[in-house]
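Listed here are the chains, written in short residue letters.
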Amino acid sequence: MNFRKRHISSNVILWIFLLVISFTIAELFYFNYQSDNIETVIIQKQKVVSIIGLPDLALSTEAVWLRHRSIGNVFSVFPDDGSLLDYYPASFVYTTGKISNSPLSKKKKEQRKKNK
Amino acid sequence: MNFKLIDFTLKSLKRRLTKKLSVIFIFSLIVFLLVSVFSISSSIKKELEISVNALPEIIVQKMSGGRQTVIPVDRAYEIATIPGVQNAYDRVWGYYYFVNDNVNFTVVGLDFDLEAYKQKYSDIINLYAEATDTIDAPFMIVGSGVYKMLEDNFYKNFYNFRTVTGEMLETKIVGSFTDVSAMETNDVILMPVNYVRELFDISENYATDIVVRIPNPEEIEIIKQKLNSMFPDSRIVSRLDIEASYQNIFDYKSGLFLALLIVAFVAFFILVYDNASGLSIEDRREIGILKAVGWQVENILQIKFIEGSLISLFSFFLGTGTALFYVYILQAPILRNLFTGASNLKPTFNLIPVINFEILILIFILTVPVYILATVIPSWKSSVIDADEVMR
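The following refers to the structure shown. (Residues numbered from 1 in each chain as written. Chains lettered and ligands numbered in written order. Predicted model: local features only at pLDDT ≥ 70, side-chain atom pairs only at ≥ 80, totals over all residues. Heavy atoms only, no water.)

## Considerations on the environment of B:Val108
Along the polypeptide, B:Val108 turns up in strand β6 (residues 103-110). For the pair B:Val108 and B:Ile189, spaced 81 residues apart in sequence, the C-alpha separation works out to 6.1 Å. (Helix = DSSP H or I, 4+ residues; strand = E, 2+ residues; numbered from the N terminus.)

## What to know about the interface of chain A and chain B
Contact residues are listed per partner, giving 68 residues for chain A and 88 residues for chain B. Across the interface of chain A and chain B, roughly 7,100 Å² is buried in total on both sides, 70% from carbon and sulfur atoms. For chain A, the biggest contributors to the area lost against chain B are A:Lys45, A:Ile51 and A:Leu57; these three give 10% of the whole. Applying the counting rule to chain A against chain B returns 2 salt bridges. For B:Glu47, the salt bridge identified is with A:Lys45, shortest N-O distance 2.2 Å. When residues of the side of chain A that touches chain B are traced back to their parent elements, those giving at least two are α1 (10-36), α2 (39-52), α3 (98-101) and α4 (103-115) of chain A. For the side of chain A that touches chain B, the element with the most residues is α1(A), which contributes 16 residues. In the side of chain A that touches chain B, the residues fall into 38 nonpolar, 20 polar and 10 charged. (Contact = heavy atoms within 4.5 Å. Buried area = accessible area lost by both parts, 1.4 Å probe. Salt bridge = Lys/Arg side-chain N within 4 Å of Asp/Glu carboxyl O. Nonpolar A, V, L, I, M, F, W, Y, C, P; charged D, E, K, R; others polar.)

## Details of the side chain of B:Ser43
All names here are of chain B. As for its position among the elements, Ser-43 is in helix α2 (residues 17-52). For Ser-43, a relative accessible area of 0% gives the class buried. Residue contacts for Ser-43: discarding those within four places in its chain leaves Tyr-328, Leu-351, Ile-352 and Val-354. (Buried < 20%, exposed > 50% of the residue type's maximum accessible area, 1.4 Å probe, protein only.)

## A closer look at the pairing of strand β14 (residues 234-238) of chain B
Residues in a regular strand project their side chains so that they alternate between the two faces of the sheet. Residue and element names in this part refer to chain B. Taken across its 5 residues, β14 has 4 buried, putting it largely inside the fold. Bridge count between strand β1 (residues 58-64) and β14: 5 bridges; the pairing is antiparallel. In the sheet register, Gln-61 faces β14, and the bridge partner there is Arg-235. (Pairing = 2+ DSSP bridges.)

## Observations concerning the side chain of B:Thr375
Residue and element names in this part refer to chain B. Checked against the element boundaries, Thr-375 lands in helix α12 (residues 357-383). Take Thr-375: its relative accessible area is 6%, and that puts it in the buried class. Side-chain polar atoms of Thr-375 contact the backbone oxygen of Tyr-371, separated by 2.7 Å. Setting aside anything within four residues of it in sequence, one finds Thr-375 in contact with Asn-275, Lys-304, Glu-307 and Gly-308. (Polar contact = N/O pair within 3.5 Å; in protein donor to acceptor, adjacent residues only side chain to side chain.)

What follows is the structure, encoded as structure tokens:
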């Protein structure tokens with residue numbers, strides 16, 4: 001049998017190279033243009049914040065010392081809780097189980113044990 | 001520029017494409033990781049910068065035993081008399097623990113009758129019910145995260161709050177914040193202030209804190225000092241303090257990212273060192289043949305320079321392009337877990353596009369020229385030796 005190895009033409013490599021570069025440059029221009037034209041988004045966000053009047057983003061809501069930390073403890077990276085050794089975002093790489101930690105699931109577990 | 005040299009380099013690359021693909025893959029992956037993480041970080045920073053300008057100039061909190069406690073409302077009237085203060089008003093807010101999903105909601109009390117608030121509603125809140133000022137029963141406006149969470153727990157249009165006295169407070173959902181402000185309002189519940197007082201058992205004479213509005217930014221620090229001497233039991237948080245606090249988070253985070261950057265560059269330099277420590281037999285033979293047919297050292301170096309440039313530029317642009325697409329179009333799946341909390345109440349990640357050219361240039365300078373040098377230097381070493389010796 002005659003096996004013919006298919007080779008990619010050097011022109012194809014050049015086109016792929018140019019395509020990737022032009023795609024990235026286009027992306028850079030597009031996102032840069034978008035970041036300069038978000039006036040309405042900024043106004044809406046500022047309206048919301050002016051109504052609520054509270055700082056920080058709703059990224060960490062699992063503990064009260066993490067939400068609105070800026071008005072809780074102004075100059076500390078590790079506020080309030082001594083056992084909180086590391087803080088945003090290092091502590092978020094791994095988490096404890098959501099189900100096992102929930103007080104409700106503990107109750108359910110106890111109930112199941114009783115039923116058994 | 002000699003285009004025949006470019007063509008020759010491309011053909012030479014084509015012969016060793018599978019070998020070079022692994023280099024391109026690792027190079028692009030490192031650039032992709034760095035650009036993604038820095039883009040997310042820049043967007044969050046931008047989000048905080050936007051919100052900080054809308055915050056009140058000063059917040060006064062009463063402290064007891066190092067912890068915040070309720071503050072007498074009378075103090076707001078005293079503060080309002082200080083020259084330079086536009087107005088001072090009490091505020092009632094707090095956290096409500098939602099036991100079903102193990103999360104905390106931020107409940108904020110608001111006087112819905114104020115004309116200033118009514119004007120602000122239309123474009124940031126989707127109202128499901130009639131105008132809020134005609135409702136007599138308890139009602140609330142919730143963040144999109146709270147709305148979804150309550151819906152998942154079968155609270156379709158209402159929620160039964162459990163007050164501190166143990167009674168149930170059935171509250172109707174009349175609206176929700178639009179997704180544009182999800183980063184700020186995901187966990188927020190807006191309620192009429194009298195119901196929030198009932199929920200947290202705070203009497204009308206007390207409030208959670210006092211907000212002070214100061215039109216002239218030059219006067220903020222002086223008024224802060226005045227407030228400190230007027231109320232020694234209070235913590236005075238100015239907008240500058242909040243900005244400093246944000247900076248603290250980002251200084252800390254920058255340290256973490258620097259560690260990530262160092263690890264990524266160590267991996268990259270190992271790759272480069274491996275490349276620079278010696279050419280493969282195939283590469284040496286190629287240089288030997290080229291020298292034997294009459295090519296000069298200069299021409300060989302030109303080929304190697306073009307080869308290094310093509311590979312490094314391609315990898316850099318591929319890594320950057322895919323990272324921007326991944327972060328701003330796909331909204332950074334998997335990697336965003338690094339930035340959001342461990343809680344069940346995660347905001348929708350609508351990142352504001354921010355192109356940090358300084359970081360892109362830094363990554364470019366630390367990768368592309370280094371790789372080009374690592375390609376050219378060993379080729380120069382081989383090309384200055386006699387052709388027969390190189391091929392042997």
